[in-house]
Structure formats: C-alpha cells, structure tokens
Amino acid sequence: METIIDAHLHLFTGPDAGERARQVGHENSTAHLRQVYQELGILHGVIMGNGGLELEEHDYPPDLFHYCVGLDSRLLGGMELSVSEIADRVEAHLRRESCCGVKLYPGYHKIPLSAPLYQPVYELARHYDKPVAVHMGLTSFPQAHLKYCHPLALDEIAADHPSARFVMCHFGSPFWESAAAVLAKNPNVSADLSGLLEGRTDLDAWFREQAGYADLLRTWLKAAGRWDQILFGTDWPIVNLAEYIAFADRLLPEARRDAVFFSNANRVYGLGL
C-alpha cells in the first residue's frame, strides 16, 4: 500500500471512548495509533476537533497529527461566548502551524451554514488559507437535522465565499448526486471519503451484498471528475483502520490511489509532508 494520510479522524475522551475503539479492534491511545500507523503505512492524520476551544486541549504529537479546531454542538451548547469571542479563539488556533483548518457540525447544532456565527470563521479561514471542513450527510443520532448538512447547503456557502476553501466530509453520504454536483461546480470545494462504513466489516461479503451502494458511489465520484480534490479519511474510531483502507482501495481507480490516499490531503490541508 502507498503512503497514506488519514484526513479525517477523532480522538475522543470520556468513559465510552475506550470501548468504542475496542469494538473495532483498536485502543484509544496515541501510542496505539502510532504503532498501527507504522504497520499500515499511514504517515500522518488530521484530527477533527471536538469539545473545546482552549489551546491546551489540542496539543498532539506534531510528527503524527495536525488538527482542525472544531465548533461542535457540545461546545456551542455549553459556552456563553459572543460571535466575536468565538472568532478570536478560532483565530488563535489558526495561527498555529499544527492547526490546519476548522471543522463545523451544522446538522448537530441546527445552525445553517449561512448564520452570522460562521461568517467570521470563513473570513479567518480565507485569511490563513486553511480549509473549513464541514460534516455533510447522515448524522450519528436522529435528533440532528439533515437539512443543515445536505451538500446543497455547502454549495451556497462555497459560492458566496469563493476565496475560502471547504472540505465536504463523508462525500455528503448518501446524497451523492448532490455531492458530486457541488464538487464539480465549486473549485474551492474538496471532499473526503471518511465514515462510509461503521464497525467491523467482512469486505468480501459487504461488496457482494452492497454492490449497488458501491457502484453508485463509484459512479458519482467519477461523474464529479475532481480526483484532485478527493481525500482519504477514516472517521476513526468508528472503523478498523486496515479494513477501511482496503475498503477505499477497492473503490478507487488504480490511477487515482496515490492522489487520494496521500497527495491531495497533503496539499489541501497544507501539511508539508
């Protein structure tokens, strides 16, 4: 396998974090990830931030990770900060070399991407030339609202902020027709392929039973025609890393693997690897 960048993972804390990793054959520790990365040829990872804006909450081994500072539902629901205060804290992260972008979760906290809260974030991302990654598509619990994380919501923002760059997480799954259209239309939008599976997977059985799903995904990736903007990611710890690499490898045309597994993420997130 080629050298790999995992352009979308999480490092969760809390009582259930260890069990979540164990369910997919992993341990919830940086030391474990370092070992598995070496075994699988994963050179680097991009952590999608959850839960806090304090700088000290986002100190990761620089040889192993960059991160996107996240504005998630837990943070926005529990902090009494003004729009300008949130922007100031986001900027403090974007000044750091280790911070390679911002992560938004609009469906979870039911705030449209066009809301005033996000406008300074887009301007800061443009200024620092770091992308805004946005959760798109299905959510992990039913209380979230899909209308805020449908790919067409990202089209509006990408069109209105042409000098900012965006990453459509999860390729907007399962809204692939819309995702492909948004990707093809907007030169400032990339997409990652994280989170398309969950849990342990018998890949041979999966590709037999879900042949239609796999064919649709391949069809819309090809239709978008933006292979220079497609990034590999896993959404760890919801998947086994070896299985997910093999899953993506079976989806991608051989000629596109090097770009999707490594060089696109290195360029889009400015990792300098």
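It should be noted that the structure appears before, not after, this text.
The rules behind each value
Per chain, residue numbering runs from 1 following the sequence as it is written. Only residues with pLDDT of at least 70 are given local features in this predicted model, and only at 80 or more are side-chain atom pairs given and counted; all residues enter the totals for whole chains, interfaces and linings. The basis for the side-chain values is all heavy atoms of the structure; hydrogens and waters are excluded. Put simply, DSSP H or I for four residues or longer makes a helix, DSSP E for two residues or longer makes a strand, and each gets a number counted from the N terminus. To get the radius of gyration, use the C-alpha atoms; to get the globule rule, take the number of residues to the power 0.38 and multiply by 2.2 Å. Only protein chains enter the accessibility calculation, which uses a 1.4 Å probe. A residue is then buried if its area is under 20% of the maximum for its type, exposed if over 50%, and partly exposed in between. We call two residues in contact when some of their heavy atoms are within 4.5 Å. Method for areas: the Shrake-Rupley scheme with a 1.4 Å probe, in which residue coverage is limited to the protein chains shown. Pairing between strands is defined by DSSP: at least two bridges between the two strands are required. Think of each axis as a best-fit line through the C-alpha atoms, taken over the contacting stretch in the case of a helix, with angles from 0 to 180 degrees between the N-to-C directions. Left-handed describes a crossing in which the near helix is turned anticlockwise from the far one by less than a right angle; the clockwise case is right-handed.

S.K.: Is there a simple way to explain the overall build of the protein in this structure?
M.R.: Within the protein, the regular secondary structure consists of 12 helices and 8 strands. Since a compact globule built from 273 residues should have a radius of gyration of about 19 Å, the 17 Å found for the protein is in line with a globular shape. In terms of overall dimensions, the protein has C-alpha extents of about 50 × 40 × 40 Å along its principal axes. Scored against the burial criterion, the 273 residues of the protein give a buried share of 54%. The contacts of the protein with a sequence gap of at least 6 include a subset with a gap of at least 24, amounting to 74%. For the protein, the exposed area adds up to about 11,700 Å²; of that, 50% sits on carbon and sulfur atoms.

S.K.: Which parts of the structure should I look at to understand the pairing of strand β4 (residues 99-104)?
M.R.: The side chains of a regular strand alternate, residue by residue, between the two faces of the sheet. A large share of β4 lies buried, amounting to 6 of its 6 residues. Bridge count between strand β3 (residues 65-71) and β4: 5 bridges; the pairing is parallel. Counted as the bridge partner of Gly-70 is Lys-103 from β4. With 3 bridges joining them, β4 and strand β5 (residues 132-135) adopt parallel strand pairing. In the strand pairing of β5, Leu-104 is matched with Val-134.

S.K.: Would you explain the packing of helix α2 (residues 30-40) against helix α11 (residues 241-251) in this entry?
M.R.: Between two packed helices, both the angle of their axes relative to each other and the distance between the axes serve to describe the pair. One can describe the packing of α2 onto α11 by two numbers: an axis separation of 11 Å at closest approach and a directional angle of 35 degrees. The two elements α2 and α11 cross, and the hand of that crossing is right-handed. Residues Leu-33, Val-36, Tyr-37 and Leu-40 of α2 touch α11, and the partners they reach there are Leu-241, Ala-242 and Ile-245.

S.K.: Mind showing me how you'd approach the sheet that holds strand β8 (residues 230-231) here?
M.R.: Hydrogen bonds between backbone groups are what pair the strands of a sheet, and the pairing can be parallel or antiparallel. The strand order across the open sheet formed by 8 strands is β1-β2-β3-β4-β5-β6-β7-β8, and the pairing between neighbours is parallel. Taken across any chain shown, the strands that pair with only one partner, and hence form the sheet edges, are β1 (4-9) and β8. The pairing of β5 with strand β6 (residues 166-169) spans 4 bridges and is parallel. From the neighbouring strand, Val-132 faces β6, where its bridge partner is Phe-166.

Spatial relationships are all this shows, so hold off on functional conclusions.
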